[in-house]
Amino acid sequence: MTAPVVELVNVTRSFPGPPEVQALKSVNLRVERGDYLSIVGPSGSGKSTMLNLLGLLDRPSVGEYHLDGRDTSLLDEKQRAIVRGGTIGFVFQAFHLLPHRTVLDNVLLATLYSGVPRAEREDRARAALDRVKLNHRLDFLPGTLSGGERQRVAVARAVVASPELLLADEPTGNLDEATGGEVMDLFEELHADGLTLIVITHDQVVSDRAERRVRITDGRLSELS
Ligand code: ADP
Ligand code: MG
């Protein structure tokens, strides 16, 4: 039996006050390989705190986070950065592409420290951009693309290193409904190919696209389906 990709055990994250805020309260969550999970909740419910923990950008105050079978509390900051780079792909609401680099470079740079030779990295970047149907935009700058195209570049960048887990934070937040729907179609394809996805959103429509849905309310999780 393989370990779950994500296992949170009684995770609490508190921010010291006064007043002290418990942004996550004794959260338990298991995400198996190949799962497609959404976490939906209103503003202030703990979504960003959750994303930061899952992405190894922050640590629990109490409890354990096992990522891909590893107890993350045993990792120092340097090891966390290495595990993050090799294990997790991120997609953000605001795309976060480098404006003065081409589409191809933006995706290539994600594998810069992978130890993979340049020619192989370039093949992988082209393949990732092919997957998001942007092979006709390789030499374009991000500013010349539509919002939907930019987010597809960000998805290509997130998957080019073959992560164990894709973490998306409000991935459709800057897109109109139709374009957002295209990004969600893309997630469905990646899921069908076996990728493990967690999408964090306040948008019920986006959340409903996932295979398994969890609600976050005031720092607590409850299963929806
Ligand atoms: P969401 O992303 O769902 O809007 P957050 O995770 O950002 O929610 O915040 C959850 C709660 O934790 C809120 O009450 C927020 O004010 C609080 N919080 C988040 N980050 C910090 C911080 N760095 N210091 C203090 N309080 C914080
Ligand atoms: Mg937030």
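Computed from a prediction, not measured in an experiment: that's the story for all the values here.

> Explanation requested: the UniProt feature "domain: ABC transporter" (unreviewed entry) in the protein in the structure shown.
Cross-referencing UniProt, the feature "domain: ABC transporter" (unreviewed entry) maps to residues 6-224 in the present numbering. Measuring from the first to the last C-alpha atom of residues 6-224 gives 18 Å, for a span that is 33% helix and 27% strand.

> Help me out: how do you make sense of the sheet that holds strand 8 (residues 196-201) in this one?
Across a sheet, paired strands are connected by hydrogen bonds in the backbone, their directions being either parallel or antiparallel. The 6 strands lie next to each other as 6-7-8-3-9-10, forming an open sheet whose pairing is mixed. Of all the strands in the sheet, just strand 6 (88-92) and strand 10 (220-223) have a single pairing partner and so form its edges. Each neighbouring strand pair of the sheet contributes to a mean axis angle of 20°, computed without reference to strand direction. Pairing geometry for strand 3 (residues 36-40) and strand 9 (residues 212-217), over 4 bridges, is parallel. Bridge pairing in strand 9 links Ser-38 to Arg-213. Along the sheet, helix 1 (residues 47-54) contacts strand 3, strand 7 (165-169), strand 8 and strand 9; its crossing angle with strand 8, the most-contacted strand, is approximately 155°.

> Sorry if this is basic, but what is going on with unusual backbone geometry here?
Leaving glycine aside, a negative phi is the common case for residues, and trans is the common case for peptide bonds. In this model, Gly-17 is joined to Pro-18 through a cis peptide bond whose omega is 5°. Looking at the secondary structure, you find Pro-18 in the loop between strand 1 (6-15) and strand 2 (21-31). Note that the residue after Pro-18, namely Pro-19, is joined by a cis bond; omega there is -10°. Mapped onto the elements, Pro-19 comes out in the loop between strand 1 and strand 2.

> For this particular structure, what's the right way to read helix 1?
One turn of the α-helix equals 3.6 residues, which is why residues spaced by three or four share an orientation. Burial of helix 1 is extensive: 6 of the 8 residues sit out of reach of the surface. Within helix 1, the full set of buried residues consists of Lys-47, Thr-49, Met-50, Leu-51, Leu-53 and Leu-54.

> Explain the nonpolar core to me, please; I cannot follow it from the model alone.
Across soluble globular proteins, nonpolar side chains show a tendency to be buried alongside one another. Core analysis: the biggest nonpolar cluster contains 59 residues, and Val-107, Leu-129, Ala-156, Val-159, Leu-166, Leu-197 and Ile-198 have the highest contact counts within it. A total of 6 residues in this core trace back to one element, the largest contributor, which is helix 5 (residues 147-159). The contacts of Leu-197, once residues within four sequence positions are left out, are Tyr-36, Leu-37, Leu-166, Ala-168, Phe-187, Leu-190 and His-191.

> Teacher, can you tell me more about the packing of helix 5 against helix 6 (residues 177-192) here?
Each pair of packed helices can be described by the angle between their axes along with the distance between the axes. Here helix 5 crosses helix 6 at 20°, and the two axes come no closer than 9 Å. Relative to helix 6, helix 5 is oriented roughly parallel. For the pair helix 5 and helix 6, the crossing hand works out as right-handed. Contacts between helix 5 and helix 6 involve Gly-147, Gly-148, Gln-151, Arg-152, Val-155 and Val-159 from the former and Thr-179, Glu-182, Val-183, Leu-186 and Leu-190 from the latter. Split into classes, the residues belonging to the contact of helix 5 with helix 6 amount to 5 nonpolar, 4 polar and 2 charged.

Thresholds applied
Residues numbered from 1 in each chain as written. Chains lettered and ligands numbered in written order. Predicted model: local features only at pLDDT ≥ 70, side-chain atom pairs only at ≥ 80, totals over all residues. UniProt positions renumbered as here; feature names shortened; annotations may be inferred. Helix = DSSP H or I, 4+ residues; strand = E, 2+ residues; numbered from the N terminus. Pairing = 2+ DSSP bridges. Axes fitted to C-alpha atoms, helices over the stretch in contact; angles between N-to-C directions. Contact = placed C-beta atoms within 7 Å. Buried ≥ 20, exposed ≤ 12 C-beta atoms within 10 Å, placed from the backbone. Core = buried A, V, L, I, M, F, W, Y, C linked by C-beta atoms within 7 Å. Parallel < 35°, antiparallel > 145°, perpendicular 65-115°, else oblique. Left-handed = near helix turned anticlockwise from the far one by under 90°. Nonpolar A, V, L, I, M, F, W, Y, C, P; charged D, E, K, R; others polar.

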